[in-house]
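# Coordinate inspection notes
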Amino acid sequence: MSDRLPGFSTLAVHAGAQPDPTTGARATPIYQTTSFVFNDADHAASLFGLQSFGNIYTRIGNPTNAVLEERVAALEGGTAALAVASGHAAQVVVMQQLLQPGDEFIAARKLYGGSINQFTHSFKSFGWNVVWADSDDIASFERAVTPRTKAIFIESIANPGGSITDIEAISTVARKAGVPLIVDNTLASPYLIRPIDHGADIVVHSLTKFLGGHGNSIGGVIVDAGTFDWSKAGKYPMLSEPRPEYHGIKLHETFGNFAFAIACRVLGLRDLGPALSPFNAFLILTGIETLPLRMQKHCDNAKAIAEFLSGHPAVSSVSYAGLSSDKYNQLARKYSPKGAGAVFTFSLKGGYDAGVSLVSNLKLFSHLANVGDTRSLVIHPASTTHSQLDDAAKVKSGAGPDVVRLSIGIEDKEDLIADLEQALSA
Ligand SMILES: *Cc1c(COP(=O)(O)O)cnc(C)c1O
């Protein structure tokens, strides 16, 4: 064991966890407590001054959450991670460390609908300006760079169409611009793609989806790759300048290759407050133990269903990178060789009305706004998640009126195909 590096499935079960030192409990206990007793006054002072690490108050950290953080950092190959209350909270906390009012970040246009909203409206009200680029046109990222650009944000497998992003090409643009590349790895999970291996500096997840995997808990996580030099250009004062509330320490100078994760915790989580409940952390940890088994089944089922739909007369097109005819198949073979994920879209010849009717006629698929559940899910993005966009923007983000999005679960594929068959012919 000692001279071997543990494999992915071993890390998914064990990373970050030990039998509880007090009780011997083998499963990670839920430390359902708001606060932690200090050893003495000096201990308290050193914790508050960041001179030593330890538990203070669950808004800033909790031992159950710490196991989750260590586990996701290990699976993604990062130096450290921070668990937060949701995927969206992860995005706010990350951007708060990087952007000052008036700054910009570049984001791929193909994104989760909620992220499009968050970037366009809420972030704008903080003075953080999104500039859109097109992942199919790498030069569009280069053209979008200005002296105020502070980050580039992409999804590894992009919502809703399941397209695969050329992470390495966009990472080259980020390097040249001297800004970190942030990758939302929610739809791939580290089982399929590890963005840090391809040049990402920060990885974010909605733990709500495949990592938790059971549709029972909202959560998010930020992973620090430890790769970015925050002090080099003076562009990231939160990390490179003295912090008045911590006796003037400079976070990057003090914490080195995990300074970004520390900043997210001691500035972002402390001040913005989106702490993850330890109970949710426990459920998500339990989910992660079976991530490799689930992800493979999700992908195998999704491929079979994408093939079935491609041959169906009511279907005009299927957008699934795992199909050899798909535009993104080459990228899928490079970045995601074990499978192209389980979230994809297809278009119906009958347009908007056929989309609405299909979601009403499916029985085994649940009609709801989520992905990455053990259960199979369906939604018509144009009338729901992407309804706030105008028609042109809907089409551009892969959510045109005739498009239906599926998130394939881990049921028997024959039952899922039978359900689609009956609903398509209804
Ligand atoms: C769901 C999702 C989010 C937002 O996560 P929440 O946990 O719902 O806040 C962000 N990105 C992607 C790709 C998602 O699927």
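Residues numbered from 1 in each chain as written. Predicted model: local features only at pLDDT ≥ 70, side-chain atom pairs only at ≥ 80, totals over all residues. Heavy atoms only, no water.

Our next topic: the site of the ligand. Around the ligand, 14 residues are found, and the nearest of them are G87, D184, S206, T208 and K209. Between the ligand and H88, the relevant distance is 2.9 Å, taken from an oxygen atom to a main-chain nitrogen or oxygen of the residue. Contact distances for the ligand include 2.6 Å between a nitrogen atom and a side-chain N or O atom of D184. Taking 380 Å² as the accessible area of the ligand by itself, protein coverage stands at 93%. Among the elements that take part in the shell around the ligand, helix α4 (residues 87–98) stands out by supplying three residues, more than any other. When its residues are assigned to classes, the shell around the ligand shows one nonpolar, ten polar and three charged. (Near = heavy atom within 4 Å. Polar contact = N/O pair within 3.5 Å; in protein donor to acceptor, adjacent residues only side chain to side chain. Areas by Shrake-Rupley, 256 points an atom, 1.4 Å probe, with all protein chains shown as cover. Helix = DSSP H or I, 4+ residues; strand = E, 2+ residues; numbered from the N terminus. Nonpolar A, V, L, I, M, F, W, Y, C, P; charged D, E, K, R; others polar.)

Partitioning the protein into domains gives domain 1 (31–287) and domain 2 (291–425). The centre of domain 1, based on its C-alpha atoms, is set 28 Å off from the matching centre of domain 2. Both sides of the domain 1 and domain 2 interface together cover about 3100 Å² of buried area, and 60% of this is carbon and sulfur. Three residues stand out in domain 1 for area buried against domain 2, namely P160, Y191 and F210, and they jointly supply 26% of the buried area on that side. Between D136 and K327 there is a salt bridge, and its shortest N-O distance comes to 3.3 Å. On the surface where domain 1 and domain 2 come into contact, there are 16 residue pairs in polar contact (both at pLDDT 80 or more). Elements represented by at least two residues in the side of domain 1 that touches domain 2 include exactly α5 (113–125), β6 (163–164), α7 (167–177) and α8 (189–192). Among the elements that line the side of domain 1 that touches domain 2, the one with the most residues is α8, at four residues. A breakdown of the residues in the side of domain 1 that touches domain 2 according to their chemical character gives 15 nonpolar, 15 polar and six charged. (Domains from an automatic or database assignment. Buried area = accessible area lost by both parts, 1.4 Å probe. Salt bridge = Lys/Arg side-chain N within 4 Å of Asp/Glu carboxyl O.)

What follows concerns the sheet that holds strand β8 (residues 202–206). One open sheet accounts for seven strands, arranged β1-β9-β8-β7-β4-β2-β3; its pairing is mixed. Taken across any chain shown, the strands that pair with only one partner, and hence form the sheet edges, are β1 (80–84) and β3 (129–133). For this sheet the average axis-to-axis angle between neighbouring strands, irrespective of direction, equals 20 degrees. Here three bridges tie strand β2 (residues 104–108) to strand β4 (residues 149–155), and the two strands are oriented parallel to one another. Counterpart to I106 in the pairing with β4 is I152. Packed onto the sheet, α5 meets β2, β3 and β4 and runs at close to 150 degrees relative to β3. (Pairing = 2+ DSSP bridges. Axes fitted to C-alpha atoms, helices over the stretch in contact; angles between N-to-C directions. Contact = heavy atoms within 4.5 Å.)

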